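Observations on the model geometry
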Amino acid sequence: MRSQEKHRLVLCSAEELQEGERRLFEVDGVEIGLIRAEGACYAFRNSCPHQGVPMLYGSVVGTMLPSEPQEYVYGLHNEIIRCPLHGWEFNLKTGKALFSPQVSIKMYDAKEEGDEIVLYLDREPQQIVPKHFACAL
């Protein structure tokens, strides 16, 4: 296999990940969170870079955008995940923190393909374990 090719890993059926739902997987000892928001699937390392708190428990929100004084513009609806401990916010599309582009969470390429949710990894995983996850969000 050429080095630029990704390894395709089916995580679950598309039916098992409805809008707003979350899943948790452990791939070679690394927890990967999976969320469906606004129809898109987002996969990320389930650890805040600040203190390692599981990001999967965080709220998926929007944020206030830069605007003129006395003007309040809301945007990025359901594209931001907020750390449940200290509120650090990260863009689900890029993984970058809103407060600093030098801080980020690791994002993975996840897609809905037909009736499957698929994760693409740089290397072939040796062990994939779906983990129990319960969240009242």
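Residues numbered from 1 in each chain as written. Predicted model: local features only at pLDDT ≥ 70, side-chain atom pairs only at ≥ 80, totals over all residues. Heavy atoms only, no water.

1. Considering the overall build of the protein
Broken down by element type, the protein carries zero helices and 10 strands. Each helix (α) and strand (β) of the protein, taken in turn from the N terminus, gives the series β-β-β-β-β-β-β-β-β-β. Relative to a compact globule of 137 residues, whose C-alpha radius of gyration would be 14 Å, the protein shows 16 Å and is just as compact. Its C-alpha atoms put the protein at 55 × 30 × 30 Å along the principal axes. When the 137 residues of the protein are sorted by exposure, 39% land in the buried category. For the protein, the share of sequence-separated contacts (at least 6 apart) that also reach a separation of at least 24 residues comes to 49%. Accessible surface computed for the protein: about 8,100 Å², of which carbon and sulfur atoms make up 48%. One way to put it: in the protein the 14 positive side-chain charges average out to a point 5 Å from where the 20 negative ones average out. (Helix = DSSP H or I, 4+ residues; strand = E, 2+ residues; numbered from the N terminus. Rg over C-alpha atoms; globule rule 2.2 N^0.38 Å. Buried < 20%, exposed > 50% of the residue type's maximum accessible area, 1.4 Å probe, protein only. Contact = heavy atoms within 4.5 Å. Areas by Shrake-Rupley, 256 points an atom, 1.4 Å probe, with all protein chains shown as cover. Lys, Arg positive; Asp, Glu negative; His and termini not counted. Charge placed at Lys NZ, Arg CZ, Asp CG, Glu CD.)

2. Considering the nonpolar core
Of all hydrophobic cores here, the largest spans 18 residues; its most connected members are Ile-35, Phe-44, Met-55, Ile-81, Phe-90 and Ile-105. At the level of secondary structure, the elements contributing two or more residues to this core comprise strand 3 (30-37) and strand 4 (40-45). Of all hydrophobic cores here, the second largest spans 16 residues; its members include Cys-12, Cys-41, Tyr-108 and Ile-117. (Core = buried A, V, L, I, M, F, W, Y, C linked by side-chain atoms within 4.5 Å.)

3. Quick notes on the pattern of salt bridges
In total, this model carries 11 salt bridges according to the counting rule given. Among the salt bridges present, the one from Arg-23 reaches Glu-21, with a minimum N-O distance of 3.6 Å. Its relative accessible area of 28% is what places Arg-23 among the partly exposed residues. Owing to a relative accessible area of 29%, Glu-21 belongs among the partly exposed residues under this scheme. For Glu-26, the salt bridge goes to Lys-131, with nearest N and O atoms at 3.3 Å. In this pair, Glu-26 is assigned in strand 2 (residues 22-27) and Lys-131 in strand 10 (residues 128-131), connecting sequence segments 105 residues apart. On the accessibility criterion, Glu-26 (23% relative accessible area) is partly exposed. Look at Lys-131 and you get partly exposed, because its relative accessible area is 31%. Bridged by salt links that share partners, the residues Arg-8, Glu-113 and Glu-116 form one connected network. (Salt bridge = Lys/Arg side-chain N within 4 Å of Asp/Glu carboxyl O.)

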